[in-house]
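# Geometric and topological summary
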Amino acid sequence: MAAAAPPPPPTPTPAAPTALPESGPVGNPIFARIRIANPSDVPHLHKLMYQLAVFERLAHMFSATESSLSSTLFNSPPFQSFTIFLLEVSPTPFTDAPAGAHPPISQVVVNLDLPVADPQTQEFRSGGDAVVAGFVLFFPNYSTFLAKPGFYIEDLFVRDCYRRKGFGKMLLSAVAAQAVKMGYGRVEWCVLDWNVDAIKFYEEMGAQVLQDWRICRLTGDALQAYGK
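These lines cover the structure that appears in this document, whether it is placed above or below. (Residues numbered from 1 in each chain as written. Predicted model: local features only at pLDDT ≥ 70, side-chain atom pairs only at ≥ 80, totals over all residues. Heavy atoms only, no water.)

Quick look at unusual backbone geometry now. Positive phi, normally seen in glycine, also occurs at A147, with a value near 55 degrees. The topology assignment puts A147 in the loop between β5 (130-143) and β6 (148-158). Given a relative accessible area of 51%, A147 falls into the exposed group. In this structure, R164 takes a positive phi of about 60 degrees despite not being glycine. Mapping R164 onto the fold places it in the loop between β6 and α3 (167-181). What makes R164 exposed here is its relative accessible area of 75%. (Helix = DSSP H or I, 4+ residues; strand = E, 2+ residues; numbered from the N terminus. Buried < 20%, exposed > 50% of the residue type's maximum accessible area, 1.4 Å probe, protein only.)

The following block contains the structure:
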């Protein structure tokens, strides 16, 4: 009887990949993460908030300064009062977050057809290749109908060159996910009636646009009159 053939040699264990796999993003990948903002982010936040005021055609009402933001935004732990999720993007994988920063809330890789031409890269650079691209500011409110707390979104903004790439959805989803995690009952915000693109976007995300409600506001001299 012929001797049995020797068994084949063991298959080598594949080495860990050192680059993006061929089935992954191979066009123009952009790395994105959301983290909780801290006081060192105020210069970027101030510029973002002014750009939002310009976009909403309300720059004449903008009076915030870096000093006033620093003194009012970071006096409580996250989610107990004002909280800001900051959106950062990078053409290369992120290394470390800025010193003293909270761990990222989420991180994704988005494959774009074309690279992003950001004329303000240097102005919004936050460390390494990372650039600040947007933010969402929110804080707790309460629903007596639900007998549950919720979150109210004051501002959500993505810089112009990073719009229509899923980053606004990423920011809004992060707030909604935090509300679910904390057992909250709702997330609410306002939208300008002329901003039809935003209204469509919010509806596509499952939000109801309440037609029967109006914003009432006391501010400026009308508010100060009550302190006399």
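Time to look at the pattern of salt bridges. One pass over the full model with this rule turns up six salt bridges. A salt bridge links E88 to R33, with the shortest nitrogen-to-oxygen separation between them at 2.8 Å. Taken together, the residues E88 in strand β2 (residues 83-90) and R33 in strand β1 (residues 28-36) connect sequence positions 55 residues apart. Where salt bridges share partners, they join R33, R35, D41 and E88 into one cluster. (Salt bridge = Lys/Arg side-chain N within 4 Å of Asp/Glu carboxyl O.)

A few words now on helix α4 (residues 196-204). Every buried residue belonging to α4 is among A198, I199 and Y202, and all of these are buried. Viewed end-on, α4 has its buried residues packed into an arc of 100 degrees, placing them on one side of the element. Exposed and oriented more than 90 degrees from the buried face of α4 are V196, D197, K200 and E204. Buried residues along α4 sit in contact with α3 and β7 (187-189). (Arc of directions from axis to C-beta. Contact = heavy atoms within 4.5 Å.)

With that out of the way, let us pick up the environment of P115. By the element assignment, P115 lies in the loop between β3 (106-112) and β4 (125-127). The class for P115 is exposed, based on a relative accessible area of 60%. A sequence separation of 24 residues divides P115 from P91, and the C-alpha atoms of the two residues are 8.9 Å apart.

Take the packing of aromatic side chains next. Going through the model one piece at a time under the given rule, you end up with 13 aromatic pairs. With 6.5 Å between their ring centres and 45 degrees between their planes, F79 and F151 make a pair best called tilted. Of this pair, F79 sits in the loop between α2 (66-73) and β2 while F151 sits in strand β6, and the two are 72 residues apart along the sequence. Residue F79 shares its accessibility class with F151, and that shared class is buried. Residues F85 and F138 carry aromatic rings whose centres are separated by 4.9 Å and whose planes lie at 70 degrees to one another, so their mutual orientation is edge-to-face. (Phe/Tyr/Trp six-rings, centres within 6.5 Å; stacked < 30°, edge-to-face > 60°.)

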